[in-house]
There are 2 protein chains.
Amino acid sequence: MPKPEVDPTVSLDLSVDRSSPVPLYFQLSQQLEAAIEHGALTPGSLLGNEIELAARLGLSRPTVRQAIQSLVDKGLLVRRRGVGTQVVHSQVKRPLELSSLYDDLEAAGQRPATKVLVNTVVPASAEVAAALGVAEGGDVHRVERLRLAHGEPMAYLSNHLPGGLLDLDTAQLEATGLYRLMRAAGITLHSARQSIGARAATAAEAERLTEDEGAPLLTMQRTTFDDTGRAVEFGDHIYRPSRYSFEFQLLVRP
Amino acid sequence: MPKPEVDPTVSLDLSVDRSSPVPLYFQLSQQLEAAIEHGALTPGSLLGNEIELAARLGLSRPTVRQAIQSLVDKGLLVRRRGVGTQVVHSQVKRPLELSSLYDDLEAAGQRPATKVLVNTVVPASAEVAAALGVAEGGDVHRVERLRLAHGEPMAYLSNHLPGGLLDLDTAQLEATGLYRLMRAAGITLHSARQSIGARAATAAEAERLTEDEGAPLLTMQRTTFDDTGRAVEFGDHIYRPSRYSFEFQLLVRP
DNA sequence: TCAATGTGTATGTCCGGACAATCGAACTAC
DNA sequence: GTAGTTCGATTGTCCGGACATACACATTGA
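What comes next is a walk through the structure. (Residues numbered from 1 in each chain as written. Chains lettered and ligands numbered in written order. Predicted model: local features only at pLDDT ≥ 70, side-chain atom pairs only at ≥ 80, totals over all residues. Heavy atoms only, no water.)

### With respect to the pattern of salt bridges
Item 1. Inspection of the entire model under this criterion finds 22 salt bridges over all chains.
Item 2. As a salt-bridge pair, Arg-193 of chain B and Glu-247 of chain A come within 3.4 Å of each other at their nearest N and O atoms. Note that Arg-193 of chain B is positioned in strand β6 (residues 189-200) and Glu-247 of chain A in strand β9 (residues 246-251), a pairing that runs across two chains.
Item 3. Through salt bridges that share partners, Glu-50, Arg-61, Arg-65 and Arg-79 of chain A make up one connected network. (Salt bridge = Lys/Arg side-chain N within 4 Å of Asp/Glu carboxyl O. Helix = DSSP H or I, 4+ residues; strand = E, 2+ residues; numbered from the N terminus.)

See below:
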């Protein structure tokens, strides 16, 4: 065994502001996360025991535990009884999130643009009604958009939303993403059920995406739910696989 | 507003066994989850306030909160201040999990089979070394498998594992899935970073999967980490999209 | 009629303490 | 030397309480 596995306990300067409206455990977890991201806490290093940490910060142990637990849930820390809490060895990227294509592209400096092709209200088809949990034939919004990056077509986005949920302005849809509009309308996104597959492009799809007929396409169907569990969006999207792939992280729930 | 939104409070019989080694909060969360799954707690119904629930069970409020919180994390319950805790409206399927193709197929009654094509130890290529966090040129296991369902090829699975982590027996690999073997060896899987894309089949890939050259394929690359954050597996898989698609649920972290 | 205000209720946050379970290492006995 | 034991350290679980905060609803006022 050539590896001694030292993993020394690291001490760093933490502090909380009791006059802030931000919860104490959240302040602490943010500082710890920043320290990990920043490299002050290196992978494998021990965090020091909770009791001493609580005493050093003038906090109670439950508060410190709550902060640590949130980072464990994110996959940044590992706790082991009798050992301590240590930073995971791997360079974890972003944890899984309900990704917004627009925001993803913007964050990557891809200068996204959107061309709204359809923006109307239609009666719900059987498939859409089932996905959204509304009556078949009832009014639903239908939006079809072409998403471009650097002026090149990247994805064709077809979405259906329950009627009366949201005012969908074409100009706004071209200026930002659908999720951002929904959030701005007071809808709290909560979870989504996704299905990702692949198939060959039809002639119509190929033309829209400037691909050849039969070219491989990446497909994604998604139903998004708000915090009350109601379906708020059903999307059927196709992507050019040369321009886009899905990247995400999964956590195991033991 | 035609919807009255009644959502009556539901009361059901819960009980905990204090002599059991199973934690009290876990007993409670399991019973609540079972009640939701079973239909005793219908979507939208209120759970009754925590204080009264704790008193009814002879538990403290923190314990009850811990049980409820775990179900909120799973996306089964929603809490709102001043309102209460209610069951989400949607019919949530399984929450996201580190899916095992073998187990998925078996659960779906697809009678999976595996044909091991390669099972050796090789020096790590640059790509594999980077993904697994080992030295380039160091020993790594290399496994290539063809996964069949109903006798039809479904996926071609190429995996690399750090050397010395596990004994990989070909017979065992053909009898079960890789993840199950790793778990049986005492490895606790924790998280995985995935990338899903699509591309056209090469001639060699097409032959292995009985597809045509140029046919669309679904691709997945995955690095899996154990509970200490060490990479324990790197996979590069291709699937026949007519036979398989990825289904999973994402939760939003606010 | 409609808006502003109050009030009750439920969850959110935080505290201090107690004991149990588990891990690792030092120690002991053979 | 090796196997088993003990022991300290650390997290896991649970308790009872206190105050803060946000939401829904009723009341009040213009």
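That covers the picture; the talk isn't over yet.
### Section: the environment of Arg-81 of chain A
Item 1. Note on placement: Arg-81 of chain A falls in the loop between β1 (77-80) and β2 (84-87).
Item 2. Separated by 14 residues in sequence, Arg-81 of chain A and Ala-67 of chain A place their C-alpha atoms 17 Å apart.

### Re the protein's contact with DNA strand D
Item 1. Near DNA strand D lie 25 residues; those nearest to it are Arg-61 of chain A together with Arg-18, Leu-24, Ser-60 and Thr-63 of chain B.
Item 2. When atoms of DNA strand D within 4 Å of the protein are sorted by moiety, sugar and phosphate together comprise 76%.
Item 3. A distance of 2.8 Å is found between a phosphate oxygen of DNA strand D and a side-chain nitrogen or oxygen belonging to Ser-60 of chain B.
Item 4. Where the surface near DNA strand D is concerned, the elements lending two or more residues are α3 (61-74), β1 and β2 of chain A together with α1 (24-38) and α3 (61-74) of chain B.
Item 5. Among the elements that take part in the surface near DNA strand D, α3 of chain B stands out by supplying three residues, more than any other.
Item 6. Broken down by class, the residue content of the surface near DNA strand D amounts to seven nonpolar, nine polar and nine charged. (Near = heavy atom within 4 Å. Polar contact = N/O pair within 3.5 Å; in protein donor to acceptor, adjacent residues only side chain to side chain. Nonpolar A, V, L, I, M, F, W, Y, C, P; charged D, E, K, R; others polar.)

### Points about the protein's contact with DNA strand C
Item 1. Taken together, 25 residues surround DNA strand C, and among them Arg-18, Leu-24, Ser-60 and Thr-63 of chain A together with Glu-50 of chain B come closest.
Item 2. Among the atoms of DNA strand C lying within 4 Å of the protein, the sugar-phosphate backbone contributes 75%.
Item 3. Leu-24 of chain A is positioned with one of its backbone polar atoms (N or O) 2.3 Å from a phosphate oxygen of DNA strand C.
Item 4. Between DNA strand C and Glu-50 of chain B, the relevant distance is 2.8 Å, taken from a phosphate oxygen to a main-chain nitrogen or oxygen of the residue.
Item 5. Where the surface near DNA strand C is concerned, the elements lending two or more residues are α1 (24-38) and α3 of chain A together with α3, β1 (77-80) and β2 (84-87) of chain B.
Item 6. If one sorts the elements of the surface near DNA strand C by residue count, α3 of chain A sits on top with three residues.
Item 7. Within the surface near DNA strand C, the residues separate by chemical class into seven nonpolar, nine polar and nine charged.

### With respect to the sheet that holds strand β9 (residues 246-251) of chain B
Across a sheet, paired strands are connected by hydrogen bonds in the backbone, their directions being either parallel or antiparallel.
Item 1. The sheet built from seven strands is open, its strands ordered β3(A)-β4(A)-β5(A)-β8(A)-β7(A)-β6(A)-β9(B) with antiparallel pairing. The sheet is open, and its two borders are formed by β3 (112-123) of chain A together with β9 of chain B, each paired with just one other strand. Within this sheet the neighbouring strands show an average axis-to-axis angle of 15°, counted without direction.
Item 2. Taken together, the six bridges between strand β5 (residues 152-162) of chain A and strand β8 (residues 231-239) of chain A define a ladder with antiparallel strand orientation. Residue pairing for β8 of chain A: His-160 of chain A is matched across the bridge by Phe-234 of chain A. (Pairing = 2+ DSSP bridges. Axes fitted to C-alpha atoms, helices over the stretch in contact; angles between N-to-C directions.)

### What about the side chain of Arg-145 of chain B?
Residue and element names in this part refer to chain B.
Item 1. By secondary structure assignment, the location of Arg-145 is in strand β4 (residues 139-149).
Item 2. The buried charged residue Arg-145 lacks any salt bridge partner; its closest oppositely charged side chain belongs to Glu-233, at an N-O distance of 6.0 Å.
Item 3. A distance of 2.9 Å separates a polar atom in the side chain of Arg-145 from a polar atom in the side chain of Asn-159.
Item 4. Apart from residues lying up to four places away in sequence, Arg-145 is in contact with Thr-114, Lys-115, Val-116, Leu-117, Ala-155, Tyr-156, Leu-157, Asn-159, Leu-173 and Leu-178. (Buried < 20%, exposed > 50% of the residue type's maximum accessible area, 1.4 Å probe, protein only. Lys, Arg positive; Asp, Glu negative; His and termini not counted. Contact = heavy atoms within 4.5 Å.)

### Brief notes about the packing of aromatic side chains
Residue and element names in this part refer to chain A.
Item 1. All chains considered together, the criterion is met by eight aromatic pairs over all chains.
Item 2. Note on Tyr-239 and Phe-246: the rings are 5.2 Å apart at their centroids and 85° apart in plane angle, and the pair reads as edge-to-face. Here the two residues Tyr-239 and Phe-246 agree in accessibility, since each one is buried.
Item 3. Members of the aromatic cluster, each reached through a chain of ring pairs, are Tyr-239, Tyr-244 and Phe-246. (Phe/Tyr/Trp six-rings, centres within 6.5 Å; stacked < 30°, edge-to-face > 60°.)

Structural measurements only, silent on function.
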